[in-house]
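Listed below, chain by chain, are the residues.
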Amino acid sequence: MDLLLNTVQPYAWGSVTALPRLLGTPPTGRPQAELWMGAHPAAPSHVDRGGGPVPLDAVIAADPTAELGPSAVRHFGPRLPFLLKLLAADAPLSVQVHPDRFQAAAGYARENALGIPLDARHRSYRDSHHKPEMIVALTGFHGLCGFRPPDRCAELLEALAVPGLDPLAGVLRTRADGGGLRDVFTALLSPPPGLLGAVGAAVRRQARREGPHRADFAAYEAIATAHPGDRGLLPALMLRHVRLAPGEALFLGAGIPHAYLSGLGVEVMACSDNVLRCGLTDKHVDLPELLKVVRFTSSATPVLTPRPGEDRGELLYPAPVADFRLSKLHSRAGEVPRTLGAGAPQIILCTEGEIRLHGDGASLRIGPGRSVYVPARERVAVTGDGTAFRATIASGDGPAARRGSRGSRTAH
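A brief structural summary. (Residues numbered from 1 in each chain as written. Predicted model: local features only at pLDDT ≥ 70, side-chain atom pairs only at ≥ 80, totals over all residues. Heavy atoms only, no water.)

### Quick word on the pairing of strand β10 (residues 239-244)
- Of all 6 residues that make up β10, 5 are buried, and the element is covered over most of its length.
- Inspection of the sheet shows strand β9 (residues 141-147) paired to β10 by 5 bridges, in the antiparallel sense. Residue pairing across strands places L144 opposite H241, the latter belonging to β10. (Buried < 20%, exposed > 50% of the residue type's maximum accessible area, 1.4 Å probe, protein only. Helix = DSSP H or I, 4+ residues; strand = E, 2+ residues; numbered from the N terminus. Pairing = 2+ DSSP bridges.)

### Some points on the nonpolar core
- Ranked by internal contacts, the top residues of the largest apolar core, which has 48 residues, are L160, L165, F185, V199, Y220, L237 and L290.
- With 40 residues, the next largest nonpolar core counts L80, L84, M134 and L349 among its residues. (Core = buried A, V, L, I, M, F, W, Y, C linked by side-chain atoms within 4.5 Å.)

### Details of the pairing of strand β17 (residues 325-331)
- β17 sits mainly inside the fold: 6 of its 7 residues count as buried.
- Looking at chain direction, strand β16 (residues 314-317) and β17 are connected through 4 bridges and run antiparallel. Residue pairing for β17: E314 is matched across the bridge by L329.
- Bridge count between β17 and strand β22 (residues 380-392): 7 bridges; the pairing is antiparallel. Counted as the bridge partner of S331 is G386 from β22.

### Considering the packing of helix α7 (residues 166-174) against helix α8 (residues 178-189)
- Orientation of α7 relative to α8, taken along the N-to-C sense of each, is 165°, at an axis distance of 8 Å. What the angle tells us is that α7 and α8 run roughly antiparallel. Where α7 crosses over α8, the handedness of that crossing is left-handed. Seen from α7, the contacting residues are L168, V171 and L172; seen from α8, they are G180, L181, V184, A187 and L188.
- Classifying every residue of the contact of α7 with α8 by side-chain character gives 7 nonpolar, 1 polar and no charged. (Axes fitted to C-alpha atoms, helices over the stretch in contact; angles between N-to-C directions. Parallel < 35°, antiparallel > 145°, perpendicular 65-115°, else oblique. Left-handed = near helix turned anticlockwise from the far one by under 90°. Contact = heavy atoms within 4.5 Å. Nonpolar A, V, L, I, M, F, W, Y, C, P; charged D, E, K, R; others polar.)

### A word on helix α9 (residues 195-206)
- For α9, which comprises 12 residues, the first-to-last C-alpha distance of 16 Å matches the rise-based estimate of 16 Å (1.5 Å per residue) to within 8%.
- Among the residues of α9, L195, L196, V199, G200, A202, V203 and Q206 are the ones counted as buried. Here the buried residues of α9 occupy an arc of 165° about the axis, which is enough to place them on one side.
- Residues of α9 that are buried sit in contact with α6 (150-159), α10 (214-226) and α11 (233-236). (Expected span 1.5 Å × (residues − 1). Arc of directions from axis to C-beta.)

### Re the packing of aromatic side chains
- In the structure shown here, the tally under the stated rule is 5 aromatic pairs.
- When the ring of F147 is compared with that of F296, the centres are 5.5 Å apart and the planes differ by 25°; the resulting orientation is stacked. A residue pair is termed long-range when its members are at least 10 positions apart, and F147 in strand β9 and F296 in the loop between α12 (287-293) and β14 (302-304) qualify at 149 residues.
- On the accessibility criterion, F296 (12% relative accessible area) is buried.
- Three or more aromatic residues link up through ring pairs in this structure, and these residues are F147, F185 and F296.
- The ring of Y11 carries K283 above its face, with NZ or CZ at 5.0 Å from the centroid. (Phe/Tyr/Trp six-rings, centres within 6.5 Å; stacked < 30°, edge-to-face > 60°. Lys NZ or Arg CZ within 6 Å of the ring centre and 35° of its normal.)

### Describing the side chain of N274
- Within the element layout of this structure, N274 appears in the loop between β12 (258-270) and β13 (276-279).
- Judged by relative accessible area, N274 falls into the buried class, the value being 1%.
- Looking at N274, its side chain comes within polar contact range of the main-chain oxygen of H129, at 2.8 Å. (Polar contact = N/O pair within 3.5 Å; in protein donor to acceptor, adjacent residues only side chain to side chain.)

### Notes on unusual backbone geometry
- Phi is positive for A161, which is not a glycine, with a value near 55°.
- Take A161: it is sitting in the loop between α6 and α7.
- A161 sits in the exposed class, given a relative accessible area of 57%.
- At L280, a residue that is not glycine, the phi angle is positive and equals roughly 60°.
- By the secondary structure assignment, L280 is in the loop between β13 and α12.
- Accessibility expressed as a relative area gives 3% for L280, which makes it buried.

### With respect to the pattern of salt bridges
- Overall, the coordinates contain 19 salt bridges when judged by the stated rule.
- The shortest N-O distance in the salt bridge between R332 and D385 comes to 3.7 Å. Placement of the pair is R332 in the loop between β17 and β18 (338-340) and D385 in strand β22, with a sequence separation of 53 residues.
- Residue classification places R332 among the partly exposed residues on the basis of a relative accessible area of 38%.
- Connected through shared salt-bridge partners, D2, R49, E67 and R377 make up one network. (Salt bridge = Lys/Arg side-chain N within 4 Å of Asp/Glu carboxyl O.)

### Thoughts on the packing of α9 against α10
- Relative to each other, α9 and α10 sit at 135°, their axes nearing to 8 Å. As the angle between them shows, α9 and α10 are arranged oblique. In terms of crossing hand, the pair formed by α9 and α10 is left-handed. Only R214, F217, Y220, E221, A224 and T225 of α10 make contact with α9, whose side of the interface consists of V203, R204 and Q206.
- In terms of residue class, the contact of α9 with α10 is made up of 4 nonpolar, 2 polar and 3 charged.

### A short note on α8
- Along its 12 residues, α8 runs 16 Å from first to last C-alpha, staying within 8% of the 16 Å computed at 1.5 Å per residue.
- Buried residues of α8: G180, L181, V184, F185, L188 and L189, and no others. In an axial view of α8, the angular spread of the buried residues amounts to 165°, which keeps them on one side of the axis.
- If you follow the buried residues of α8, they end up packed against β9, α6, α7, α11, β13 and α12.
- Two or three places before G179, at the start of α8, stands the capping residue D177, its side-chain oxygen 3.1 Å from that residue's backbone nitrogen.

Set out below in structure tokens:
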């Protein structure tokens, strides 16, 4: 096992204080948005096995079978298929969606055939992989996720009392299906002159008035303030406002439009860079491709709570993908060490207290924000007094892990 040396991404929407507070480091005065743990080539973690720090992707490439296990190599190739992050949002992220594996493979091949460099700003597909993801809240966490039912969306648009929105609300009232959602979403991506300014002013007014949508309008006001004049505000009005309590989670599959707004969380995802955005960003926006990928359905998004996992003291956040498996471990002083299953790569991240890991004659202690990589060939035992998250690949959890948690609730 190896202590990970990780990169902090200073994206503009990040919190100046949340990650330093967790890590116990002084703030830099700049946003610190994400701490990456894994082997993504854009910012791989480093490990030191005696010869100085080496990128984790290079370590894996040198002996994929030993590091990942034969099953992982067979299913995902010679690469770590997941990326673990600490995410600290102090301002809204872009409204975005991710492709499924077939869309990603086709888009990647198409842009390669066109000769678009992988690092080109206008490239939409930077690899051939899908990018499902899960966020677990460490603090109160706000986001937008999935479409509201058409009638609820129409109700919110009507509450703004902006005449330019009335015809769109009418479409949602009369065409309460995916076609109505598609037409209104598409129209809001290319608004007529003056509509965006009128909506921004109306959102600010409604956020200060009592009413059934006040909390939602307060979230949209934060968007309008962080991204003044950005057309992404308009399609964001169609998305459900989700509030997570600490310990609750969201799984975001292909085609589900979403945007994180604020809060600190642990995020795990398939290791991919494929993001299609429609606003609230200065990055590339590809509306035609985005409209091919978005799934125009208003099915409820479950807010997940964990269920007991396979290992003692483990709480599993079930997800319907094989690329990652995320669980939470609580360890208390004086407890008998628990041994974690081997045979697959793991990253273990401490979020509270102190966790001790014992394996292959060596031991490591990690505190909040510190993490350890465990290769597939190694078995580790956990002791200490703290909380950790364990990311690995899905295996052996059976169909129940695919169906979700019985403790879930529905996002409104």
